[in-house]
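Tertiary structure, described
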Amino acid sequence: MNIILLGPPGAGKGTQARILMDRHGLVQLSTGDMLRAAVKAGTEIGLKAKAVMEAGELVSDDIVIGIVSDRLDEPDVKAGVIFDGFPRTAAQAEALDNLLAQKGMTLDSVVSMDVDDELLVDRVSGRFTCAMCGEGYHDTHKRPEKDGVCDKCGSTEFKRRPDDNAETVRARLEAYHAETAPLIAYYEAAGKLKKIDGMADIDDVTAALERALGKGA
Ligand code: ADP
Ligand code: ADP
Ligand code: ZN
């Protein structure tokens, strides 16, 4: 099963993708994570992407489509992919249709996660992750069970993204509304779209997502 989680920054795409990965053995393909890894490694792509990401703008379609195409050539994607943060533009959506066709893959569902803009600023401003295993947390909505210790791996090191501040979030939301939200209609026309309420508690969103995908818990 190959699916897209579509939603604005802070909607909960990464959080739900990790849960689906653990429970159903799917592979998370996060273009944001891949770009951040490229920035950290100082690759040519990373050098091009760094300032764009810090400004909350979109990295060029060519770069992003290229990294997705390469990733889809790795054997583990056969288990099924959760696209998280991709596609984000009409050009990326069309490129994904072509890539999947070329690689003999199909797109099963696109789940749109609805969350009001006001809530997103709080979601993104309070976000932090484990530096070791990448588990996601939130200052108020999802604190580690033991303060300062990751629930999943026991690490005591956490990190925050440089673009997760209130000003940059606004630029990212603008990019979302201008470039990405139109994809909802694109996938609706293709008969692939499912909508869920992303404002509920994390567990309730997971339950709605599993229902939408026909994967009962
Ligand atoms: P995205 O990948 O869509 O940008 P994340 O999954 O990183 O979003 O979630 C953004 C922040 O909101 C994280 O700190 C996460 O812990 C928190 N979060 C995710 N889903 C919910 C939810 N349903 N209710 C409250 N907080 C949530
Ligand atoms: P969020 O879900 O919180 O918006 P991501 O981790 O998906 O964050 O993306 C972080 C940044 O990486 C984006 O603001 C953008 O600069 C870049 N990026 C990630 N995915 C894409 C994409 N598909 N197209 C263009 N830029 C992207
Ligand atoms: Zn951890």
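Residues numbered from 1 in each chain as written. Chains lettered and ligands numbered in written order. Predicted model: local features only at pLDDT ≥ 70, side-chain atom pairs only at ≥ 80, totals over all residues. Heavy atoms only, no water.

Helix and strand counts for the chain stand at nine helices and eight strands. For the chain, whose C-alpha radius of gyration is 17 Å, the value lies close to the compact-globule estimate of 17 Å for 217 residues. Of all intrachain contacts in the chain linking residues separated by at least 6 positions in sequence, the fraction that spans at least 24 positions is 68%. As presented, the chain carries roughly 10800 Å² of accessible surface, and 51% of it is formed by carbon and sulfur atoms. With 27 positive and 37 negative side-chain charges, the chain shows a separation of 4 Å between the mean positions of the two kinds. (Helix = DSSP H or I, 4+ residues; strand = E, 2+ residues; numbered from the N terminus. Rg over C-alpha atoms; globule rule 2.2 N^0.38 Å. Contact = heavy atoms within 4.5 Å. Areas by Shrake-Rupley, 256 points an atom, 1.4 Å probe, with all protein chains shown as cover. Lys, Arg positive; Asp, Glu negative; His and termini not counted. Charge placed at Lys NZ, Arg CZ, Asp CG, Glu CD.)

With five of its six residues buried, strand E4 (residues 109–114) lies for the most part within the structure. As defined by bridge partners, E4 adjoins strand E8 (residues 193–197) across five bridges and the pair is classed as parallel. From the neighbouring strand, Val111 faces E8, where its bridge partner is Lys194. (Buried < 20%, exposed > 50% of the residue type's maximum accessible area, 1.4 Å probe, protein only. Pairing = 2+ DSSP bridges.)

The environment of ligand 2 is made up of 19 residues, and the closest members are Thr31, Glu57, Arg88, Arg127 and Arg172. Contact between ligand 2 and Thr31: a nitrogen atom at 2.8 Å from a side-chain N or O atom of the residue. Note that an oxygen atom of ligand 2 is positioned 3.1 Å from one of the side-chain N or O atoms of Arg161. In isolation ligand 2 offers 550 Å² of accessible surface; the protein chains occlude 97% of this area. (Near = heavy atom within 4 Å. Polar contact = N/O pair within 3.5 Å; in protein donor to acceptor, adjacent residues only side chain to side chain.)

Note on the zinc ion (ligand 3): its protein donors are Cys130 (SG), Cys133 (SG), Cys150 (SG) and Cys153 (SG). The metal-donor distances range over 2.3 to 2.4 Å. Summarised as a motif, the one-chain spacing of the donors to the zinc ion (ligand 3) is C-x2-C-x16-C-x2-C. With a gap of 17 residues between them, Cys133 in the loop between strand E5 (127–130) and strand E6 (136–138) and Cys150 in the loop between E6 and strand E7 (158–159) connect regions that are remote in the sequence. Of the residues examined, Cys133 reaches a relative accessible area of 29% and is grouped as partly exposed. Judged by its relative accessible area of 3%, Cys150 falls in the buried class. (Donors = N, O, S within 2.8 Å, 3.2 Å for Na, K, Ca; no water.)

Turning to the nonpolar core, a few remarks are in order. In globular proteins that are soluble, nonpolar side chains generally tend to be buried together. Of all hydrophobic cores here, the largest spans 30 residues; its most connected members are Ile4, Leu35, Leu72, Phe83 and Tyr187. Those elements that provide at least two residues to this core are strand E1 (3–6), helix H3 (44–54), helix H4 (61–71), strand E3 (81–84), helix H5 (90–102) and helix H8 (183–189). In contact with Phe83, not counting residues within four places along its chain, are Ile3, Ile4, Leu5, Leu29, Val68, Leu72, Leu96 and Leu100. Counting 21 residues, the second-largest nonpolar core is a separate cluster that includes Met113, Val115, Val124 and Ile196. (Core = buried A, V, L, I, M, F, W, Y, C linked by side-chain atoms within 4.5 Å.)

The next subject is the packing of helix H1 (residues 13–24) against helix H9 (residues 202–213). With their axes 10 Å apart at the nearest point, H1 and H9 run at an angle of 60° to one another. Relative to H9, the element H1 is oriented oblique. Seen along the crossing, H1 lies across H9 with a hand that is right-handed. On H9, the residues touching Thr15, Gln16, Ile19, Leu20, Arg23 and His24 of H1 are Ile202, Val205, Thr206, Leu209, Glu210 and Leu213. The residue makeup of the contact of H1 with H9, split by class, is six nonpolar, four polar and two charged. (Axes fitted to C-alpha atoms, helices over the stretch in contact; angles between N-to-C directions. Parallel < 35°, antiparallel > 145°, perpendicular 65-115°, else oblique. Left-handed = near helix turned anticlockwise from the far one by under 90°. Nonpolar A, V, L, I, M, F, W, Y, C, P; charged D, E, K, R; others polar.)

Treat this as a map of the structure, not an account of what it does.
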